[in-house]
Amino acid sequence: MLEIYNETILDLLTDRNTPLDIRTQGKKVTVQGLTEIEIEKMDDVIKIMKTGEKNRAVAATKMNSSSSRSHLLLKLTVQSEDKISGQRSIGTLTLVDLAGSERVSKSEASGQRLTEAAAINKSLSALGQVFTALITNQLHIPYRNSKLTHLLQPSLGGDAKACLFVNISPDLNNISETLSTLQFGSQARQIQLGKTTSSAIN
């Protein structure tokens, strides 16, 4: 479990506040030094989620008393074995909680909050650029324009399936943000990722 805070990758399952680096080998994208924990029961999951939430960057703005100041990624790797054939398979589920884009005129962010808002908006813009490149079948997909899109490359690069949920506000005062969010979701819906590859382990 990690967060992308001001374009810096931080491990949420440790007290060390050390920036981590992305490593790419072929189509495989990993984060060096990221904590990995084996899960055996539901209590393990709850404990990990509580630890991650406690360490995530959160602060108050005029629009949200507990605004996420970072994007959160949780990666689950599951390995299974067919008891009859003995064939083993491995798969990865990446769960992402995107921090919402901010209109500074409404959030009244300043100082550190303003820096955070700029980083959030820039990375979401980079994600939108990746969506556009995928929709229009461009030869170059700008995954490396941000840490967020770089980490999401395996999920958007054609060897996976992806699902996006968008959260909107029922308040009429937030109609511009609601429309922007729906347009973002509509854009993502046009992406065709193709067939997934085999997850069998030889």
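Scroll up to find the structure.
Residues numbered from 1 in each chain as written. Predicted model: local features only at pLDDT ≥ 70, side-chain atom pairs only at ≥ 80, totals over all residues. Heavy atoms only, no water.

Quick word on the pairing of strand β7 (residues 71-81)
So, step 1. Of the pairings in the sheet, the one linking strand β1 (residues 2-5) to β7 comprises three bridges and is antiparallel in character. Bridged to isoleucine 4 within β7 is histidine 71.
So, step 2. For β7 and strand β8 (residues 88-97), the ladder comprises 10 bridges, and the chain directions are antiparallel. By the bridge assignment, leucine 73 is partnered in β8 with valine 96.
So, step 3. Here β7 hands over to β8 after six residues, with glycine 86 in that stretch at a positive phi of 80°. (Pairing = 2+ DSSP bridges. Helix = DSSP H or I, 4+ residues; strand = E, 2+ residues; numbered from the N terminus.)

Side note on unusual backbone geometry
So, step 1. Positive phi outside glycine occurs at asparagine 6, with the angle close to 50°.
So, step 2. As for its position among the elements, asparagine 6 is in the loop between β1 and β2 (8-11).
So, step 3. Located in the positive-phi region is asparagine 137, a residue other than glycine, with phi close to 55°.
So, step 4. Its relative accessible area of 66% is what places asparagine 137 among the exposed residues. (Buried < 20%, exposed > 50% of the residue type's maximum accessible area, 1.4 Å probe, protein only.)

Some remarks on the nonpolar core
So, step 1. Ile9, Leu151 and Leu156 are the most contacted members of the largest nonpolar core, which has 23 residues in total.
So, step 2. Broken down by secondary-structure element, the contributors of at least two residues to this core are β1, β4 (28-31), α3 (112-135), α4 (147-151) and α6 (175-189).
So, step 3. The dominant element in this core, judged by the number of residues it contributes, is α3, at five residues.
So, step 4. Those residues in contact with leucine 151 that sit more than four places away from it in its chain are Leu2, Ile4, Ile9, Ile22, Val29, Val31 and Leu73.
So, step 5. Judged by nonpolar contacts, the second largest core, of six residues, contains Met1, Ile48, Leu72 and Leu74. (Core = buried A, V, L, I, M, F, W, Y, C linked by side-chain atoms within 4.5 Å. Contact = heavy atoms within 4.5 Å.)

Let's talk about the pattern of salt bridges
So, step 1. Summed over the entire model, instances satisfying the criterion amount to four salt bridges.
So, step 2. One salt bridge connects arginine 56 with aspartate 97, and the closest N-O pair in it is separated by 2.7 Å. Of this pair, arginine 56 sits in the loop between α1 (42-55) and β5 (58-59) while aspartate 97 sits in strand β8, placing them 41 residues apart in sequence.
So, step 3. A salt bridge links glutamate 116 to arginine 113; its shortest N-O distance comes to 2.7 Å. With glutamate 116 and arginine 113 both in helix α3 and three residues apart, this pair spans about one turn of that helix. (Salt bridge = Lys/Arg side-chain N within 4 Å of Asp/Glu carboxyl O.)

Notes on the packing of α3 against α6
So, step 1. Relative to each other, α3 and α6 sit at 35°, their axes nearing to 9 Å. Two packed elements cross with a definite hand, and for α3 against α6 that hand is left-handed. Residues Leu124, Leu127, Gly128, Phe131, Thr132 and Ile135 of α3 touch α6, and the partners they reach there are Phe184, Gln187 and Ala188.
So, step 2. Of the residues assigned to the contact of α3 with α6, the class counts are six nonpolar, three polar and no charged. (Axes fitted to C-alpha atoms, helices over the stretch in contact; angles between N-to-C directions. Left-handed = near helix turned anticlockwise from the far one by under 90°. Nonpolar A, V, L, I, M, F, W, Y, C, P; charged D, E, K, R; others polar.)

Looking at the pairing of β1
So, step 1. Burial along β1 is two-sided: Leu2 and Ile4 and Glu3 and Tyr5, pointing in opposite directions, are all buried.
So, step 2. Alignment of β1 against β2, held across four bridges, turns out to be antiparallel. Along β2, the bridge assignment pairs glutamate 3 with leucine 10.
So, step 3. Hairpin connection of β1 to β2: two residues between the antiparallel strands, including asparagine 6 at a positive phi of 50°.

Focus on the packing of aromatic side chains
So, step 1. On inspection of all chains with the given rule, the structure shows one aromatic pair.
So, step 2. Aromatic pair phenylalanine 131 and phenylalanine 184: ring centres 5.4 Å apart, planes at 50°, arrangement tilted. Taken together, the positions of phenylalanine 131 in helix α3 and phenylalanine 184 in helix α6 put the pair 53 residues apart, joining distant regions of the chain.
So, step 3. Residue phenylalanine 131 is classed as buried on the basis of its relative accessible area of 6%. (Phe/Tyr/Trp six-rings, centres within 6.5 Å; stacked < 30°, edge-to-face > 60°.)

Quick look at the environment of leucine 74
So, step 1. With respect to the helices, strands and loops of the structure, leucine 74 is situated in strand β7.
So, step 2. Overall, the relative accessible area of 12% leaves leucine 74 in the buried class.
So, step 3. On a C-alpha basis, the gap between leucine 74 and threonine 94 in space is 5.7 Å, while along the polypeptide they are 20 residues apart.
So, step 4. With residues near it in sequence (within four places) discarded, leucine 74 still touches Met1, Met49, Leu93, Thr94 and Leu95.

These figures come from the coordinates and say nothing about function on their own.
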